[in-house]
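Descriptive structure summary
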Amino acid sequence: MNTLREAATDYVAMRRALGYKLKKAPLLFDFISFLEKRKCNHVTTALALEWAQQPTSVQPSSWTDRLCWVRGFARFRSATDPLTEIPSQKLLPKGAKRAHPYLYTEKEIELLLKAALRLSTASPIKRRTLYCVFGLLAVSGMRIGEILNLKLTSVDLQAGIITIEGAKFGKSRLVPIHDSTRKVLSDYLVFRNRFLKGRPAEHFFISKVGTRFERGNLYRAFYVLSREIAIRKEGSKHGPRFHDFRHRFAIETMLRWYRNGENVERRLPILSTYLGHVQVTGTYWYLTACPELMGVAAKLLEERWEDKP
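One structure accompanies this document, and this report is about it. (Residues numbered from 1 in each chain as written. Predicted model: local features only at pLDDT ≥ 70, side-chain atom pairs only at ≥ 80, totals over all residues. Heavy atoms only, no water.)

The next subject is the overall build of the protein chain. If you tally the helices and strands in the protein chain, you get 13 helices and 3 strands. The proportion of buried residues among the 309 residues of the protein chain is 41%. Restricting the contact set of the protein chain to residue pairs at least 6 apart, pairs at least 24 apart contribute 57%. (Helix = DSSP H or I, 4+ residues; strand = E, 2+ residues; numbered from the N terminus. Buried < 20%, exposed > 50% of the residue type's maximum accessible area, 1.4 Å probe, protein only. Contact = heavy atoms within 4.5 Å.)

This is the structure we're talking about:
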């Protein structure tokens, strides 16, 4: 039987082969070091709990995440080591609830885009980049990381297709864009190339020095602009998020299907694939995120029951 450290290496390799990025994999090896110091050759519930709760200055949800790493590895290890104990799901349960999405209105998106173009502290290329990134977030359903990581070769403006490579769970997908979006991105590309003056730049959305536009700069600009247009309170740490654009896209798509009388249940896997969800259940959650969507769905259900003899 291989050692705990060898087993942990095999476990991480297996998960990554399945498409998981496992950025927090060092946590597992920290747990293995903890067991080695205790001269313990098996995963036990008591030691798993002790290790998970070691950091005293973090939120309880961090303890939960740490124990989840041990639990996953313990299930894997139990196939070759019968002495392995798998910590119960009831231990350190996750208490945090999924954030309720902020549903941007058309007017708010319009105000945000206009504010991006007149941001006085930004360079011309930064203003254009902010405008295009915010707009693409609103109309494409893409994740913020997917947009910022876009390479120049990933955006086919002739065909109107964006290729997302190496997204969540290592998946790739094609995202078709509307002609109006294609026009805006084409104009940005002309402005971008004129700004670069022949200098090479790998990414589609660039900073004032020609490198990939950084997430931190995007967040800082978004906080300033969202306060300016009054969708975020001054000094507040909470408010609308980038990910809420994605929620809005999914909800608006389903609302349009319901209003057109289309079979949403049949079309939902299409939306799930478009959004890059691994499971369609991730898309089903949007049904509960918007009262208007719930209302339309309930009304159609009532009509179906009324039509029955």
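Let us now look at the pairing of strand β3 (residues 173–176). Here β3 shows a buried face lined by Arg173 and Val175 and an unburied face lined by Leu174 and Pro176. Examined bridge by bridge, strand β2 (residues 161–164) and β3 share 4 bridges and lie antiparallel to one another. Within β3, the position partnered with Thr163 by the bridge is Leu174. (Pairing = 2+ DSSP bridges.)

Bringing helix α5 (residues 106–117) into the picture now. In this model, α5 (12 residues) spans 17 Å end to end at C-alpha, consistent with the 16 Å of a helix rising 1.5 Å per residue. Turning to α5, its buried residues are Glu108, Ile109, Leu112, Leu113, Ala115 and Ala116. Buried residues in α5, looked at end-on, bunch into an arc of 165 degrees, giving them a common side. α5 presents Glu106 and Lys107 as exposed residues on the side facing more than 90 degrees away from its buried surface. (Expected span 1.5 Å × (residues − 1). Arc of directions from axis to C-beta.)

Moving on, we get to the nonpolar core. Among the nonpolar cores identified, the biggest contains 54 residues, and Phe134, Ile162, Leu185, Phe205, Leu218 and Phe245 are the most heavily contacted of them. Within the residue set of this core, elements represented by two or more residues are α5, α6 (124–140), α7 (144–148), β2, α8 (179–196), α9 (215–228), α10 (243–259) and α11 (264–275). The element best represented in this core is α6, accounting for 8 residues. The residues contacting Leu218, other than those within four sequence positions of it, are Leu130, Val133, Phe134, Ile144, Leu148, Phe213 and Phe242. (Core = buried A, V, L, I, M, F, W, Y, C linked by side-chain atoms within 4.5 Å.)

Before going further, it helps to examine the sheet that holds strand β1 (residues 155–156). Taking strand neighbours across the sheet as the criterion, the 3 strands line up as β1-β2-β3 in an open arrangement whose pairing is antiparallel. Each having just a single partner strand, β1 and β3 make up the two edges of the open sheet.

For the structure shown, the criterion picks out 13 salt bridges. One network of salt bridges, with partners in common, ties together Arg143, Glu146 and Arg173. (Salt bridge = Lys/Arg side-chain N within 4 Å of Asp/Glu carboxyl O.)

What follows deals with helix α4 (residues 60–77). End to end, α4 covers 26 Å across 18 residues, agreeing with the expected 26 Å (1.5 Å per residue, within 8%). Those residues of α4 that sit buried are Thr64, Arg66, Leu67, Trp69, Val70, Arg71, Gly72, Phe73, Ala74 and Arg77. In this fold, the buried residues of α4 make contact with α1 (4–17), α2 (25–37) and α3 (45–52).

As a packed pair, α1 and α2 sit with axes 10 Å apart at the nearest point and diverge in direction by 165 degrees. Here α1 is positioned roughly antiparallel relative to α2, judged by the angle of their axes. Crossing hand, α1 versus α2: right-handed. Contact residues: Leu4, Arg5, Ala8, Thr9, Tyr11, Val12 and Arg16 in α1; Ala25, Leu28, Phe29, Ile32, Ser33, Leu35 and Glu36 in α2. Partitioned by chemical class, the residues of the contact of α1 with α2 number 9 nonpolar, 2 polar and 3 charged. (Axes fitted to C-alpha atoms, helices over the stretch in contact; angles between N-to-C directions. Parallel < 35°, antiparallel > 145°, perpendicular 65-115°, else oblique. Left-handed = near helix turned anticlockwise from the far one by under 90°. Nonpolar A, V, L, I, M, F, W, Y, C, P; charged D, E, K, R; others polar.)

Quick look at unusual backbone geometry now. One non-glycine residue, Lys39, adopts positive backbone phi at about 55 degrees. Along the chain, the position of Lys39 falls in the loop between α2 and α3. Relative accessible area serves as the criterion here: at 74%, Lys39 is assigned to the exposed category. The phi dihedral of Ala230 is positive, around 65 degrees, even though this residue is not glycine. Within the secondary structure, Ala230 sits in the loop between α9 and α10. Overall, Ala230 belongs to the exposed group, its relative accessible area being 63%.

The geometry of an aromatic ring pair is captured by two quantities: the separation of the ring centres and the angle between the planes. Taken as a whole and assessed by the stated rule, the structure comprises 15 aromatic pairs. Where Phe204 meets Phe205, the ring centres are 5.0 Å apart and the plane angle is 85 degrees; that geometry is what we call edge-to-face. You can call Phe205 buried: its relative accessible area is 1%. Of the aromatic side chains, those joined through ring pairs into one cluster are Phe134, Tyr219, Phe222, Tyr223 and Phe242. (Phe/Tyr/Trp six-rings, centres within 6.5 Å; stacked < 30°, edge-to-face > 60°.)

Tracing the sequence through the fold places Arg246 in helix α10. In this structure the side chain of Arg246 is engaged in a polar contact, spanning 2.7 Å, whose partner is the backbone oxygen of Gly141. (Polar contact = N/O pair within 3.5 Å; in protein donor to acceptor, adjacent residues only side chain to side chain.)

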